[in-house]
Amino acid sequence: MPGKNNLKIRKFRPADLNAVRKLIYNTIDVCYPAVYCPEAIKYIKNYHSSENILKGDKKGCTIVLERDNRIAAVGAIIKNGYITRVFVNPKFQKQGLGRLIMEKLHTKALSTRIKIVKLDASPTGKKFYDSLGYKTIKKTFIKVENGKKLHYYKMKKWLRKSRT
């Protein structure tokens, strides 16, 4: 199994777009059918379209985590402190990669004087964000096709600089 020496976090580049979109869609296909209806999955994929990935990067900062020179995780923070598009390849989940992405996004927020970060969490991701100290603001939903609902959690966290 590759060690942490084979991990690299860097800024997203437009040349990464296809790999990032494939990572996001694969993660959705593997992880979301247990909690979301097909209409909700379609909505989520549209939200994470190539066009929206590029727009989000222009509004803030998108980072990728490479493992053995392949993109294994992604995350973004918008200038207002909104974290979005955090996905880890299902093969590498529960190995600390999501935590590394979030730590880097928190550091980016603090470097721009953002002290409160917010995000929308899927039911599958909520426990992960809870473990990072996020607090649930409310459970809510978006109406999608055929009268179905996409349920999610609005969450936030107060950031503190580490004392080292």
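Note: the structure precedes this text.
The following refers to the structure shown. Source: prediction; values computed, not measured.

Scoring rules and cut-offs
Sequence order sets the numbering: in each chain, residues are counted from 1 along the sequence as written. The model is predicted, so local features are restricted to residues of pLDDT at least 70 and side-chain atom pairs to those at 80 or more, both for listing and for counting; the totals for chains, interfaces and linings are taken over all residues. Only hydrogens and water are removed before side-chain values are computed, so all heavy atoms of the structure are retained for them. What makes two strands pair is DSSP finding at least two bridges between them. A run of H or I in DSSP counts as a helix once it spans at least four residues, and a run of E counts as a strand once it spans at least two, with each numbered from the N terminus. Residue exposure (1.4 Å probe, protein chains only): buried if accessible area is under 20% of the type maximum, exposed if over 50%, otherwise partly exposed. Whether two residues are in contact is decided by their heavy atoms: any pair within 4.5 Å suffices. Angles run from 0 to 180 degrees between N-to-C directions of axes, and those axes are lines fitted to C-alpha atoms, restricted for helices to the stretch in contact. The scheme is simple: roughly parallel for angles under 35 degrees, roughly antiparallel for over 145, roughly perpendicular for 65 to 115, oblique for anything else. Left-handed describes a crossing whose near helix is turned anticlockwise from the far helix by less than a right angle; the clockwise case is right-handed. Three residue categories are used. Nonpolar comprises Ala, Val, Leu, Ile, Met, Phe, Trp, Tyr, Cys and Pro, charged comprises Asp, Glu, Lys and Arg, and polar comprises the others, including Gly.

Now for the pairing of strand 6 (residues 135-143). Note: strand 6 against strand 7 (residues 149-158), 8 bridges, orientation antiparallel. Considered in strand 7, the bridge of Lys-138 is made with Lys-154. Between strand 6 and strand 7, which pair antiparallel and follow one another directly, the connecting turn spans 5 residues, one of which, Asn-146, has a positive phi of 60 degrees.

Among the residues of helix 2 (residues 38-47), those classed as buried are Glu-39, Ala-40, Ile-41, Ile-44 and Lys-45. In the core, the buried residues of helix 2 are packed alongside helix 1 (17-31) and strand 7.

With that out of the way, let us pick up the packing of helix 1 against helix 2. Between helix 1 and helix 2, whose axes approach to 10 Å, the crossing angle comes to 165 degrees. It follows from the interaxial angle that helix 1 and helix 2 lie roughly antiparallel. Every pair of crossing elements has a handedness; the one defined by helix 1 and helix 2 is right-handed. Side by side, helix 1 and helix 2 meet where Tyr-25, Ile-28 and Asp-29 of the first sit next to Ile-41, Ile-44 and Lys-45 of the second. Among the residues forming the contact of helix 1 with helix 2, the class breakdown is 4 nonpolar, no polar and 2 charged.

The subject of this paragraph is the sheet that holds strand 7. The 7 strands are arranged 1-2-3-4-5-7-6 in an open sheet whose pairing can be described as mixed. Each edge of the open sheet is held by one strand with a lone partner, namely strand 1 (7-11) and strand 6. Shown here is a sheet whose adjacent strand axes are inclined to one another by a mean of 25 degrees, direction ignored. The strands that helix 2 touches are strand 4 (82-88), strand 6 and strand 7; relative to strand 7, the one it contacts most, it runs at about 50 degrees. With respect to the sheet, helix 3 (residues 50-59) is in contact with strand 1, strand 2 (60-67), strand 3 (70-78) and strand 4, its orientation differing from that of strand 2 by roughly 115 degrees.

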